[in-house]
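Okay, here's what each chain looks like letter by letter:
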Amino acid sequence: MIFEQVLDNDANRIDYVYNIIKQSGQDMFENQGLIHWKNPYPKESIKQDCAQKKVFLLKQDGEYVHTFQLEFVKKDSGRDNSSLQGLVSKFATLPKYSGQGIGKQSMGYIERICVENRVSTIKLDVYDKSKVAISFYKKRGFEVTNSKSTKHFEVYIMEKRL
């Protein structure tokens, strides 16, 4: 498996990110009734994300099969200093590769990047009805720390201390 960062001028890889998120969203809607990615994430938004965050594709056997975004932000620790936290988003695997350990390997990669960058916490949002995703993250040491409403649904905020 190879992790490749996607740049904002790489239209071909942006298309792969778009298609992975789109197929994952369709699969979640059709098989689990989840609506949060029913409408595809726009390619222009992915391009902007590539300029502002770290967007990755995972290649396995010559095919892009997974994507995620990682952003480092300052977290006010309540003291004089601040520490970094990693924000993970758009974590998606092509449906035909689900259950093959790709997400687990990606989380391991994310944790290594975060440790190398002295990140103290990894944080992500999960659709509250996405029981499979919530279970996946809990098995990897994430805890629900809060929730928030979006325009159409509720999300859990999950965090893991490193």
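Structural data are supplied above this passage.
This structure is a prediction, so every number in the text was calculated from the model and none was measured.

## Re the overall build of the protein
Thinking step 1. On a plain count of helices and strands, the protein comes out with four helices and seven strands.
Thinking step 2. When the helices and strands of the protein are read in sequence order from the N terminus, they spell out β-α-α-β-β-β-α-β-α-β-β.
Thinking step 3. Relative to the compact-globule value of 15 Å for 162 residues, the protein shows a C-alpha radius of gyration of 15 Å, a close match.
Thinking step 4. Its C-alpha atoms give the protein principal-axis dimensions of about 45 × 35 × 30 Å.
Thinking step 5. Out of the 162 residues belonging to the protein, those deemed buried represent 38%.
Thinking step 6. A sequence separation of at least 24 residues applies to 61% of the contacts in the protein between residues at least 6 apart.
Thinking step 7. Surface exposure of the protein reaches about 9200 Å², of which carbon and sulfur atoms provide 43%.
Thinking step 8. Placing the 26 positive and 20 negative side-chain charges of the protein at their respective mean positions leaves the two points 3 Å apart.

## Some thoughts on unusual backbone geometry
Most peptide bonds take the trans configuration, and most residues that are not glycine carry a negative phi.
Thinking step 1. Backbone geometry at Asp61 places phi at a positive 50°, although glycine is not the residue there.
Thinking step 2. Topologically, Asp61 is positioned in the loop between strand E2 (54–60) and strand E3 (63–76).
Thinking step 3. Despite not being glycine, Arg118 shows a phi value in the positive range, around 60°.
Thinking step 4. Mapping Arg118 onto the fold places it in the loop between helix H3 (102–116) and strand E5 (119–127).

## With respect to the state of the cysteines
Thinking step 1. If you walk through the whole model with that rule in mind, you get zero disulfides.
Thinking step 2. As a non-bridged cysteine, Cys50 has Cys114 as the owner of its nearest cysteine sulfur, 18 Å distant.

## Examining the environment of Gly99
Thinking step 1. Mapped onto the elements, Gly99 comes out in the loop between strand E4 (82–93) and H3.
Thinking step 2. We classify Gly99 as exposed; its relative accessible area is 86%.
Thinking step 3. Remark: the alpha-carbon pair of Gly99 and Phe136, spanning 37 residues in sequence, is separated by 10 Å.

Conventions we followed
- Residues numbered from 1 in each chain as written.
- Predicted model: local features only at pLDDT ≥ 70, side-chain atom pairs only at ≥ 80, totals over all residues.
- Heavy atoms only, no water.
- Helix = DSSP H or I, 4+ residues; strand = E, 2+ residues; numbered from the N terminus.
- Rg over C-alpha atoms; globule rule 2.2 N^0.38 Å.
- Buried < 20%, exposed > 50% of the residue type's maximum accessible area, 1.4 Å probe, protein only.
- Contact = heavy atoms within 4.5 Å.
- Areas by Shrake-Rupley, 256 points an atom, 1.4 Å probe, with all protein chains shown as cover.
- Lys, Arg positive; Asp, Glu negative; His and termini not counted.
- Charge placed at Lys NZ, Arg CZ, Asp CG, Glu CD.
- Disulfide = S-S within 2.5 Å.

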